[in-house]
Amino acid sequence: SASSTGKVMFEVVSQRIKSNGGGHLNSAYDAAPDEPPVYEETNFPGEEHRTIRPSVISAFGHDTLDRVPNIDFYRNAGSVSGHRAVRPSLQELHDVFQKVSSCDDGEKSDGTPFDDLESADTSDDKGLVKFGWIRGVLVRCMLNIWGVMLFIRLSWVFGQAGWGVLSFLGSLLMFKLKQLHNFMTVFTAVYRNCNLKLFCCFLGLGIVVIALSCVVTTITGLSMSAICTNGVVRGGGAYYLISRSLGPEFGGSIGLIFAFANAVAVAMYVVGFAETVVDLLKEHASLMVDEINDIRIVGCITVVLLLGISVAGMEWEAKAQIVLLVILLVAIVNVFVGTVIPATVDKKSKGFFGYTSTVFQENFTPAFRDGETFFSVFAIFFPAATGILAGANISGDLRDPQAAIPKGTLLAIFITGVTYLAVALCVAATVVRDATGNATDLVIPGVACNNSAVAACELGYNFSSCAVDTCKFGLMNNFQGLVLSSLQGHFQPLSQIPLTSVFPQALCKDNIYKALHFFAKGHGKNNEPIRGYVLTFIISVAFILIGNLNTIAPIISNFFLASYALINFSCFHASYAKSPGWRPAYKYYNMWLSLLGALLCCVVMFVINWWAALLTYGIEILLYIYVTVKKPDVNWGSSTQAVTFVSAVSNALSLAGVEDHVKNFRPQILVLTGSARTRPALLDLAHSFTKNYGLCLTCEVFVGPRSEIYQEMNAGMEKNQQWLNKTKRKAFYAGVACDNFREGTESLLLASGLGRMRPNTLMIGFKNNWRTAGRDAVQSYVGVLHDALDFEYGTVILRINQGLDVSHLVAEEGVYQEALDNQMMTNGGKAKGLFRKSRNSSQQVAKMNEKLMEASGQFKKKQPKGTIDVWWLFDDGGLTLLLPYILTTRKKWKDSKLRIFIAGQPGRSDLDKEEMKSLLKKFRIKCSDINVIDDIHIKPRSDSLKNLDDMIKPFCLHEGSKDMIQADVMQKEHPWKITDAELSSFEEKTHLQVRLNELLQENSKSANLIVVSMPIARKESVSDFLYMAWLDILTKNLPPTLLIRGNHKSVLTFYS
């Protein structure tokens, strides 16, 4: 009964589940070859691993193989947060139930713990260090954003840019209208006449530097939050986000650039630290060599120490960062406290006067010096804001990156932005731009005090000498404006080295750049990228030797801005594609805001340094082209694929609303190759017609009961398409299952294509074995030709004397390869004996099939100098002429010239030739020669007729020698045979095919390819075997021959 059968099924499944540790067996499962490499994946928050138990089935009230929805069914290969359960395949649920013993099933299944990547032992992963959003993201981002620029460049930035200017929109407008130096002249005049009551229309230009940086980073942070909450984020940071969103081409190019930028950032932070140390050495007269070389020495020593700390491990480094954050916070608080303590005489001589309105008002306007501009100052400051990816960079080490990255990153941007702004305003309100550091430079009555430091004059100090000589103190001169806390701030590179090394490791694991795969290896329980640390160290040392922070910073700015631009564009692109897979948990983003952020990054790059921006994009484009050409075997479901699909559907719909026009006709070929590898010559020639500009469908008909062949058909779909892609044939594969060949082909002819992108030409190989194939096979073949003409398809038949089918060679190759693999497994990777043994048999097979293999590959190689002979005997709309012309436009056929042969009447050959010449000229088709055949009506030679008689003799009824009754009986028994009446009726047409073969032998025996108008057999008038005899005798013993018949609708026109 049904219930007892269900119980048996349930018991079998239960045994299989128990025998495999709770994992369901699925023999149809095969790990996808394009899944990403195994990275460490975080656990889902609040998730406990749940095994699919048989008791779940009882929830339905009856026994069933179906499973309730569960997260374990959706895990990728390499997941360490839980085992991937394999749901029952559709075949297991749909096929006729067969009771199979659990032990046999377990041995054969691909879903066993031994075969499934998800079942790998993850016991060692318990020691992994995983961080929350505070330690993993917030702390790291703040440490990366605070540091060098806060302590030794922020005062200089506000000294150059000031903190007050006309509204930013107005300044941008004036900057567009005039060069920067003219703008400063205009601004000064406006400022001097500006009413301070209009203070509300003022915005700090120095503040704009910080605000613009925060705008860029905030928009990028929002975009990054959307991307990283659209699925599980693994290790790799910005590279992982961009590559999984836009694809390996963009991800691979920007990943390499971003990794390089982070390595250079280490050099920047170390040089900043070294500057502070060297200033202390200079203050105590303890320089080792000179200032620049001391920076290099201290920087190299520092980066070596930091390398050692990083190699010690991520866990120790994370603990050290907490201590450093505390020190950094104390230092920042120390700045604010220091500004309210009354200034000493020494501090006043160095430009610090405490909070005074005169100093604050004097620092209101910009005072760019030494060729600096707003954007050059912005370029030096912007790296201060580039630490926003610090948390995303270690996404693989976060407990819940989806929640931690948005929360920690955006909060860090807000906190650090407010801190920068507060510190900058405090400095601008307390320190003048220039100071001598000499306590005796006081205002003396009668001595002029009219330099730029008017505020100092009002406060009793005369720094007029700074207008002539360069002073050492003040906002413009002393980079160590916050010297009390600068030393603590420069421990920032400690966090940068390990973060930087994550990029090369993730990039190398994906194996996009083969040369970098060496750096993919990790060490220890945390998979520490030691080799990546060393690579970062080498790059950092190279840039530390520059020894100038202002030179290093703009280099980093361009690279980081390029990365941010692509992160923003990734968010926009994914949103624009409207893929159902784009479902970010973080909703506070806008696709147009992301696009604005991407454009803003690009504009700022060019304004900062146009040639550096061009260089950055040039490198990016070269890397993009490299990855595109190499075509890495990965598929990450990028938004590029989604947009391509949307564009394809949109274009197809647009074409559907436009009527076909003869000028836009191109052959769209449905070629019956069988399996894609079975008839290479047929496929290569069809591909030559369509190339990259037309539709080419390689089709296969699986004949037999559908229940027996559908598995073979489904398995072959992906395999054949992959082979086409691998061999660079721009074609699609399609297969159908039918009870007979004709019905399957009819389905393909009727249903293939999409809208206007549907085939209009059928291409098929000539059936060489028609005399031995049997009645049904011949009727099916000829029926396909009839169907193609009924459906108004152009029809093309290719004949090569050696044949087209190489399926037996492909099968032997597969058997040989399988035996070779088995022998290598049993011999520990060595198969010398088998290879020698098989080589002899392979040589024998190759020798036997040498001609076939050579003929099969002839259209794949460049054709020698020669001709394509076109026998355009009947006007079919021009397809017989168009196809060979298309061939001559291909590189492989460029040395083959067209020769045209036409049928003419005796006595007017010259006139016929001129008419054809005029027609070809109007069609703009060049040919080397035009030949008029005026003896085509002559009766064939007797030996040729005898060959035809021998060919059709087994298929003739010979009823003429019988009486009428006996003849009728014979016709009823063999209705498919050729009758004497039929031969008599079509004698002239039959003789025409024989005569044409004689003419072809005389005129085109040495052609590279022959194209002949295909004769048409009227349905129910010409028997199938007689028609096959026509085609056979017409193309017998010739070079490769194409029989072509258009659908008698024009495909050529001479109108513009």
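Remember, predicted model here, so these are calculated numbers, not experimental data.

> Explanation requested: the overall build of the protein in the structure shown.
In terms of regular secondary structure, the protein is built from 40 helices and 12 strands. When burial is assessed residue by residue, the protein has 51% of its 1056 residues classed as buried. Here the protein has roughly 50000 Å² of accessible surface; of this, 59% comes from carbon and sulfur atoms.

> What is the right way to look at the pairing of strand β8 (residues 866–871) in this model?
Burial within β8 is extensive, with five of its six residues counted as buried. In terms of strand pairing, β8 meets strand β9 (residues 896–903) through six bridges, oriented parallel. Note on β9: the bridge partner recorded for Trp-871 is Phe-901. At this point the chain moves from β8, through helix α34 (residues 879–888), to the parallel β9, and the crossover so formed is right-handed. Pairing analysis gives four bridges linking β8 to strand β11 (residues 1009–1013), with the strands arranged parallel. Residue Val-870 lies in a different strand from β11, and its bridge partner there is Val-1011.

> When you look at the packing of helix α9 (residues 205–228) against helix α23 (residues 549–577) in this model, what are you seeing that I'm missing?
Packed helices, taken two at a time, are described by their axes: the angle between them and the distance between them. Two numbers describe how α9 lies on α23: the axes approach to 8 Å, and their chain directions differ by 45 degrees. As far as their axial angle goes, α23 and α9 are oblique. The crossing of α9 and α23 is left-handed. Residues Val-216, Thr-217, Ile-219, Thr-220, Ser-223, Met-224, Ala-226 and Ile-227 of α9 form the contact with α23, whose participating residues are Leu-561, Tyr-564, Ile-567, Asn-568, Ser-570 and Cys-571. Split into classes, the residues belonging to the contact of α9 with α23 amount to nine nonpolar, five polar and no charged.

> I would appreciate a short explanation of unusual backbone geometry in the present structure.
For residues besides glycine, phi is generally negative; the peptide bonds are generally trans as well. Notably, Ala-285 is not glycine yet its phi reads approximately 55 degrees, a positive angle. Within the element layout of this structure, Ala-285 appears in the loop between α11 (248–283) and α12 (291–311). For Ala-285, a relative accessible area of 72% translates into the label exposed. Here Lys-691, not a glycine, exhibits a phi torsion of approximately 45 degrees, which is positive. With respect to the helices, strands and loops of the structure, Lys-691 is situated in the loop between α27 (680–690) and β4 (696–703).

> How should I be thinking about the packing of aromatic side chains in this particular structure?
The geometry of an aromatic ring pair comes down to the distance between the two centres and the angle between the two planes. For the coordinates displayed, the defined rule picks out 24 aromatic pairs. When the centroid spacing of 4.9 Å and the interplanar angle of 85 degrees are considered together, the rings of Phe-374 and Phe-375 count as edge-to-face. Consider the rings of Phe-923 and Phe-1054, whose centres lie 6.2 Å apart with planes at 40 degrees: the pair is tilted. Here Phe-1054 lies in the segment after β12 (1041–1045) and Phe-923 lies in helix α35 (residues 909–923), a separation of 131 residues in the sequence. Since its relative accessible area comes to 12%, Phe-923 is described here as buried. Through a chain of ring-to-ring contacts, three or more aromatic side chains come together here, namely Phe-378, Phe-382, Phe-560 and Tyr-564. Sitting above the plane of the Phe-352 ring, Lys-347 keeps its charged end 5.6 Å from the centroid. Over the face of the ring belonging to Phe-1054 we find Lys-922, whose NZ or CZ atom lies 5.3 Å from the ring centre.

> Which parts of the structure should I look at to understand the packing of α11 against α23?
Direction vectors running N to C along α11 and α23 enclose 150 degrees, while the axes themselves pass 9 Å from each other. When the axes of α11 and α23 are compared, the pair comes out roughly antiparallel. With respect to the hand of their crossing, α11 and α23 are arranged in left-handed fashion. A per-class count over the contact of α11 with α23 returns 18 nonpolar, three polar and one charged.

> Help me out: how do you make sense of the pairing of β12 in this one?
Consecutive side chains of a regular strand alternate in pointing toward one face of the sheet and then the other. With five of five residues buried, β12 lies mostly within the body of the structure. The alternating pattern of β12 places Thr-1041, Leu-1043 and Arg-1045 on one face and Leu-1042 and Ile-1044 on the opposite face, and all of these are buried. As paired elements, strand β7 (residues 794–799) and β12 share five bridges and run antiparallel to each other. For Leu-798, the partnering residue across the bridge sits in β12 and is Leu-1042. Judged from the four bridges that link them, β11 and β12 form a sheet pairing that is parallel. Within the sheet, the bridge partner assigned to Val-1012 lies in β12 and is Leu-1043. Crossover handedness for the path β11 to helix α40 (residues 1024–1035) to β12: right-handed.

> What am I meant to see in the environment of Gln-505 here?
Note that Gln-505 resides in helix α21 (residues 493–509). Expressed as a C-alpha distance, the spacing of Gln-505 and Glu-528, which sit 23 residues apart in the sequence, is 9.2 Å.

> I'm lost on the sheet that holds strand β5 (residues 732–738) in this one. Help?
Sheets are built from strands that pair by backbone hydrogen bonding, the pairs being arranged parallel or antiparallel. Pairing is mixed across the open sheet formed by 10 strands, whose spatial order is β5-β4-β3-β6-β7-β12-β11-β8-β9-β10. Of all the strands in the sheet, just β5 and β10 (929–933) have a single pairing partner and so form its edges. Strand after strand, the sheet turns through a mean of 20 degrees between neighbouring axes, direction not considered. Each of β8, β9, β10 and β11 is contacted by helix α39 (residues 987–1003), which is oriented at about 160 degrees to β8, the strand it contacts most.

> Sorry, what's going on with the nonpolar core here?
Here is a general trend for soluble globular proteins: nonpolar side chains tend to be buried in one another's company. Among the nonpolar cores identified, the biggest contains 125 residues, and Leu-154, Leu-389 and Tyr-420 are the most heavily contacted of them. It is α11 that provides the largest number of residues to this core, a total of 17 residues. Among the nonpolar cores identified, the runner-up in size contains 56 residues, and Ile-978, Leu-996, Leu-1000 and Tyr-1027 belong to it.

> What's the story with the environment of Ser-638 in this structure? I'm lost.
Tracing the chain through its elements places Ser-638 in the loop between α25 (610–630) and α26 (639–656). A relative accessible area of 8% means that Ser-638 is categorised as buried. C-alpha separation for the pair Ser-638 and Gly-247, spaced 391 residues apart in sequence, amounts to 5.0 Å. The residues contacting Ser-638, other than those within four sequence positions of it, are Arg-244, Ser-245, Leu-246 and Gly-247.

> Explanation requested: the side chain of Asp-787 in the structure shown.
Along the chain, Asp-787 turns up in helix α30 (residues 775–790). With sequence-adjacent residues up to four places away left out, Asp-787 is seen in contact with Arg-742, Glu-746 and Leu-749.

> Would you take a moment to explain α12 for this structure?
In an α-helix, one turn spans 3.6 residues; hence positions three or four apart end up facing the same way. Its 21 residues give α12 an end-to-end C-alpha distance of 30 Å, which sits within 8% of 30 Å, the value for a rise of 1.5 Å per residue. Residues of α12 that are buried include every one of Asp-294, Ile-295, Val-298, Gly-299, Thr-302, Val-303, Leu-306, Leu-307 and Ser-310, and no others. Regarding α12, its N-cap is Asp-290, as a side-chain oxygen of that residue lies 3.4 Å from the backbone nitrogen of Ile-292 further along.

Rules and cut-offs
Residues numbered from 1 in each chain as written. Predicted model: local features only at pLDDT ≥ 70, side-chain atom pairs only at ≥ 80, totals over all residues. Heavy atoms only, no water. Helix = DSSP H or I, 4+ residues; strand = E, 2+ residues; numbered from the N terminus. Buried < 20%, exposed > 50% of the residue type's maximum accessible area, 1.4 Å probe, protein only. Areas by Shrake-Rupley, 256 points an atom, 1.4 Å probe, with all protein chains shown as cover. Pairing = 2+ DSSP bridges. Right-handed = clockwise from strand over helix to strand, strands pointing away. Axes fitted to C-alpha atoms, helices over the stretch in contact; angles between N-to-C directions. Parallel < 35°, antiparallel > 145°, perpendicular 65-115°, else oblique. Left-handed = near helix turned anticlockwise from the far one by under 90°. Contact = heavy atoms within 4.5 Å. Nonpolar A, V, L, I, M, F, W, Y, C, P; charged D, E, K, R; others polar. Phe/Tyr/Trp six-rings, centres within 6.5 Å; stacked < 30°, edge-to-face > 60°. Lys NZ or Arg CZ within 6 Å of the ring centre and 35° of its normal. Core = buried A, V, L, I, M, F, W, Y, C linked by side-chain atoms within 4.5 Å. Expected span 1.5 Å × (residues − 1). Polar contact = N/O pair within 3.5 Å; in protein donor to acceptor, adjacent residues only side chain to side chain.

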